[in-house]
Amino acid sequence: MSAPSMPSNDAARHVPVMLAEVLEALAPRAGERFIDGTFGAGGYTKAILDAAPGVRVLAIDRDRTAISNGMALVEAMKGRLTLVEDRFSNLDELAPMLGEGGVDGTVLDIGVSSMQLDEAERGFSFRRDGPLDMRMSSEGPSAADLVATLPEETLARIFFVLGEERRANALARAIVTDRAKEPFTRTMQLADLCGRVIRSKPGDIHPATRAFQALRIAVNGELDELGEALLAAERVLKAGGRLAIVTFHSLEDRIVKTFFADRTRSQAGGSRHAPVTAVPPATFIQTHRAAVAASPAEAEANPRARSAKLRFAIRSEAPARNTGTSFLGLPDMKLQSGRSR
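Note that the coordinates shown come from a computational prediction; the quantities given were computed from them, not determined experimentally.

Definitions and cut-offs
Residues numbered from 1 in each chain as written. Predicted model: local features only at pLDDT ≥ 70, side-chain atom pairs only at ≥ 80, totals over all residues. Heavy atoms only, no water. Core = buried A, V, L, I, M, F, W, Y, C linked by side-chain atoms within 4.5 Å. Buried < 20%, exposed > 50% of the residue type's maximum accessible area, 1.4 Å probe, protein only. Contact = heavy atoms within 4.5 Å. Phe/Tyr/Trp six-rings, centres within 6.5 Å; stacked < 30°, edge-to-face > 60°. Helix = DSSP H or I, 4+ residues; strand = E, 2+ residues; numbered from the N terminus. Lys NZ or Arg CZ within 6 Å of the ring centre and 35° of its normal. pLDDT = per-residue confidence, 0-100.

S.K.: Can you help me understand the nonpolar core in this one?
M.R.: Within soluble globular proteins, side chains that are nonpolar generally end up buried alongside one another. Counting 71 residues, the largest nonpolar core has Ile-35, Phe-159, Leu-171, Ile-175, Leu-190 and Leu-243 as its most contacted members. Dropping the residues within four chain positions of it, Leu-190 is found in contact with Leu-132, Ile-175, Phe-184, Phe-212 and Leu-215. Residues Val-17, Leu-23, Leu-73 and Ala-294 belong to the second largest nonpolar core, which totals 31 residues.

Structural data, given as structure tokens:
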């Protein structure tokens, strides 16, 4: 397989993480059909299209800017690329745009893109001042809305569960105290507060890292989206189809790991203390159960790759299981608004 050429426009500045490993997992062959659930700057999509003749891709992104920037690639691919503004949790509803009969591969790159981080006005970055937004689309409440309205207890839970922030209670308390004097509307306001509350030493991550991660996940419902997307991928992949997921923190990776552990298990459970429970046939086969990390060279060249993990599996012939996402252990944040104190 020849090395895929990269786009010469804005996408060239945003190299997708673990591209070679993702392509190896997806193994595109001539005439196959793929779904890229997180189009971003188009890196994975372009590489898949270049990997074999006649490959077609349905690419999805909820970010309108990404869709707009990708239109040149749609035109260049002359009918082989369909680009849709939507959530990747709806990928099974969109799959018929590729035709009937299922798809041969699906890839998801979970989390915020470097392109979004680079745009201060999107409010994702604690290193660039901009509106405290963090929405991947223009719908729903922003990070500023959550910070302004959620009770202290809910904010603390968001920071602790979604950001794994040990100073979650102190941070939530400081936010509620400060917002009574002045609303949080800018990213640097919140980043400065995190710097005051969360102690750090030279070499530590930025004090605002976990808080910003937590708010971003809450604003966009990212963990619920991931759970629904995994079930949707199970429904649309044909036998032999490949599913590749790239995650960037332990919360995401734990969900993917749990999904594959459940879907590759086919033996009945039980013990002398509990009855045997029937297990449906495995819907996926894993040839490599451990997560794959970025190479040392890539991690050195691209800081975003340092925390990246790739997990992948092959769809079996068993029918998709008719289950919800409860087995994934997704946290329930219950984001009711209402001021406290």
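Back to the write-up after that little detour.
S.K.: Help me understand the packing of aromatic side chains, please; the structure alone is not making it clear to me.
M.R.: Aromatic ring pairs are described here by two measures, namely the spacing of the ring centres and the angle between the planes. Under the defined criterion, the tally for this structure stands at five aromatic pairs. An angle of 65° between the planes, with centres 5.8 Å apart, marks the rings of Phe-259 and Phe-284 as edge-to-face. One end of the pair, Phe-259, is in helix α12 (residues 250–263); the other, Phe-284, is in strand β8 (residues 284–285), and 25 residues separate them in sequence. Here the aromatic cluster, defined as three or more aromatic residues joined through ring pairs, consists of Phe-259, Phe-260, Phe-284 and Phe-327. Geometry around Phe-248 places Arg-304 over its ring, the cationic atom sitting 4.1 Å from the centre. The residue whose ring lies beneath Arg-315 is Phe-284, and the NZ or CZ to ring-centre distance is 5.8 Å.

S.K.: Looking at this structure, how should I read helix α2 (residues 43–51)?
M.R.: Each α-helix winds once per 3.6 residues, and so residues spaced three or four apart point in a common direction. For α2, the tally of buried residues reaches eight of nine residues, placing the bulk of the element in the interior. Every buried residue of α2 is listed here: Gly-43, Tyr-44, Thr-45, Lys-46, Ala-47, Ile-48, Leu-49 and Ala-51.

S.K.: Can you help me understand the confidence of the model for the protein chain in this one?
M.R.: Any region with low pLDDT has predicted coordinates that should not be read closely. Considering every residue of the protein chain, the mean pLDDT works out to 89; 87% of them sit at 70 or more. Taken as a whole, residues 1–13 scores under 50 in pLDDT and shows 15 contacts with residues more than four places along the chain or in a different chain. With pLDDT under 50 throughout, residues 337–341 is counted as low confidence; its partners more than four residues away or in other chains account for 17 contacts.

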